[in-house]
Each structure stands twice: as C-alpha cells, then as structure tokens.
Amino acid sequence: MATAFRATSHGYRADLDAHERRLLSSLCGDVIDLLQSRTDEVAADSAEPETDEDAESTQHLRQDPVLAHFSAELAGLGGSEVLDAPRDEVLARLLPAASRDPEQAGQLRRLAEASLRESKIADLRTARMLLESSPVQLAEDQAPLFGRAINDVRLTLATRMEIRTEEDAERVHRAAVSGRVKNTETFMAEIYTFITWLQETLFTAMVEFLPEGEDDDEGDDEGTG
C-alpha cells in the first residue's frame, strides 16, 4: 500500500507497490508518446523539399544530436509564420497558448513550444527512471521535476475525463470511492484520485521544509483538474 511522500535527510521518499510504480511509469510513457506525436506533426507540417546542397550542408548537424537540437531551435527564430495550436485537447492543455491574441499566440508558440515539449519529455523520462526504485527516493533537485511530471499525467487524465469544474472533480472523487464494480470510469477515477493525492503529499512535504517566508510569493497557478 502506498505511503505519502515525506521529507528525509536525503530528500523525499514514498513507498509505492510495484504495480503502482509500473502504472505511473506507463502513464508517463503515454504522455511522452503524445508529446512526441506533436513533435512529429510540427516537423511534418514545416518540412520543405531539401536540395542536394542543403543536404550536404546539414549532414553534420544531423549526425551530432547537440548541433541538431540547436539547429531546430534556431529554425524557429526565422520567418514570421505562426504555429497553430494542437488539435488534441490534451496537448492543448499541456502546451497552452501564451497569449489571447491568436496571431501573437501562434508566433510565441513557434518560438517556445519546442523547448516546452522537450522540457516536459525530459521530466517524464526522469520520473520513469525514479519510479524504477523502491522506495521512490527523490533528491532535492529531483522533487520539482517529478512533481511536474506527475502533474502532466494528472492533467492528461483530467482532460480525458472532462474535469473542468469543482463539480466535475467531486463527481470523479465519488466514482473513485463508490466501491462499485470496476469499469473504465471508476478505474480512471481511482487512478486520478491516487495521482492527485501523491502529488499533494509531495508538494506538502516540500513546502513544510522551505525556509520561513520563502513560499510567500508562490502562487497556485493550477486550475481545477
């Protein structure tokens, strides 16, 4: 049975059963796949026919992953075209618009979305690595990224379950504790409730050990779900 995250002399620790760790890792993998599908979609939409001269001049970039990353980042800085928001509702929530103005949002998305995707994927991959160990032990610098990763999993489930209001969240909670025969709805509700609880215990443990006054300026920018 899972125990809450608690602070230790080496960071934060939670005891999770093997099946709980496997489930969380699998869900992290699902979100990684979704984010990578967006990467592939953007690359396909922006691809242009490459000349022989272009191929020769960029061959060394493709062979070096570091240079290839910088090449991709620099490519987003040129031109004035916009990048459309993801069509998938989950991706739209994981990669939100940075402006209410559609054109400005598209331009900002072109400049920043790739870095945001890669950052989220890196967090999720690290979370999967940390979930391989029992107990789950997080160093001080690993706790925030683990929290971000499981929050992205939680937001993914919330979006798929159409949790948009406090009433929706209460509906899911009732399904999770109803004791009814398991179906897709109650199973997802239980997973969502478990992940929400686990995330809250981690953040509570982190906040409790902040120096006094350090969290005064921290705002809660998470909405329902």
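Preceding this section is the structure that the text describes.
Please read these numbers as outputs of a predicted model, since none were measured by experiment.

*Asks:* I tried to follow the pattern of salt bridges on my own but got confused; where do I start?
*Replies:* Close approach of charged atoms allows side chains with opposite charge to pair. A complete count under the given rule lists 13 salt bridges for this structure. We note a salt bridge from R164 to E89, for which the minimum N-O separation is 3.0 Å. Here R164, found in the loop between α6 (143-160) and α7 (166-176), pairs with E89, found in helix α4 (residues 89-94); they are 75 residues apart in sequence, far enough to count as distant. The class for E89 is partly exposed, based on a relative accessible area of 41%. Ionic pairing is found between D168 and R171, a salt bridge with its closest N-O pair at 3.9 Å. A residue pair is termed a helical-turn pair when its members lie 3 or 4 positions apart in one helix, as D168 and R171 do in helix α7 at three residues.

*Asks:* Could you clarify how one ought to interpret the nonpolar core in this entry?
*Replies:* What tends to happen in soluble globular proteins is that the nonpolar side chains get buried as a cluster. Membership of the largest hydrophobic core comes to 45 residues, with the highest contact counts inside it found for F5, L138, F146 and I195. Going through the elements one at a time, β2 (11-14), α1 (18-46), α4, α5 (102-130), β3 (136-138), α6, α7 and α8 (184-208) are the ones with two or more residues in this core. Of the residues forming this core, the biggest block, nine residues, is contributed by α8. Those residues within four positions of F146 in sequence are excluded, and the remaining contacts are F5, A127, L130, L131, V136, L138 and L202.

*Asks:* I'm lost on the environment of L23 in this one. Help?
*Replies:* Structurally, L23 can be placed in helix α1. Take L23: its relative accessible area is 28%, and that puts it in the partly exposed class. Sequence spacing of L23 and L131 is 108 residues, and the spatial spacing of their C-alpha atoms is 9.7 Å.

*Asks:* Sorry if this is basic, but what is going on with the environment of L94 here?
*Replies:* Among the secondary structure elements, L94 is positioned in helix α4. A sequence separation of 22 residues divides L94 from L116, and the C-alpha atoms of the two residues are 9.3 Å apart. With residues near it in sequence (within four places) discarded, L94 still touches V31, L35, L116, K120, D152, L155 and T156.

*Asks:* Would you mind showing me how to read the pairing of β2 here?
*Replies:* Residues in a regular strand project their side chains so that they alternate between the two faces of the sheet. Sheet topology places strand β1 (residues 6-8) next to β2; three bridges connect them, and they run antiparallel. Bridge pairing in β2 links T8 to G11. Counting the residues between successive antiparallel strands, the hairpin from β1 to β2 contains two residues.

*Asks:* Where do I start with the packing of aromatic side chains in this structure?
*Replies:* A ring pair, where both rings are aromatic, is described by two values, the distance of the centres and the angle of the planes. With the rule as written, the count across this model stands at two aromatic pairs. Relative to F146, the ring of F5 lies with its centre 5.8 Å away and its plane at 70°, an arrangement referred to as edge-to-face. Highlighted residues: F5 in the segment before β1 and F146 in helix α6, separated in sequence by 141 residues. Each member of the pair F5 and F146 is classed as buried. When the centroid spacing of 6.0 Å and the interplanar angle of 35° are considered together, the rings of F194 and W197 count as tilted. Of this pair, F194 and W197 both sit in helix α8, three residues apart, roughly one helical turn. Residue class for F194 comes out buried when judged on its relative accessible area of 17%.

Reading the values: rules and limits
- Residues numbered from 1 in each chain as written.
- Predicted model: local features only at pLDDT ≥ 70, side-chain atom pairs only at ≥ 80, totals over all residues.
- Heavy atoms only, no water.
- Salt bridge = Lys/Arg side-chain N within 4 Å of Asp/Glu carboxyl O.
- Helix = DSSP H or I, 4+ residues; strand = E, 2+ residues; numbered from the N terminus.
- Buried < 20%, exposed > 50% of the residue type's maximum accessible area, 1.4 Å probe, protein only.
- Core = buried A, V, L, I, M, F, W, Y, C linked by side-chain atoms within 4.5 Å.
- Contact = heavy atoms within 4.5 Å.
- Pairing = 2+ DSSP bridges.
- Phe/Tyr/Trp six-rings, centres within 6.5 Å; stacked < 30°, edge-to-face > 60°.

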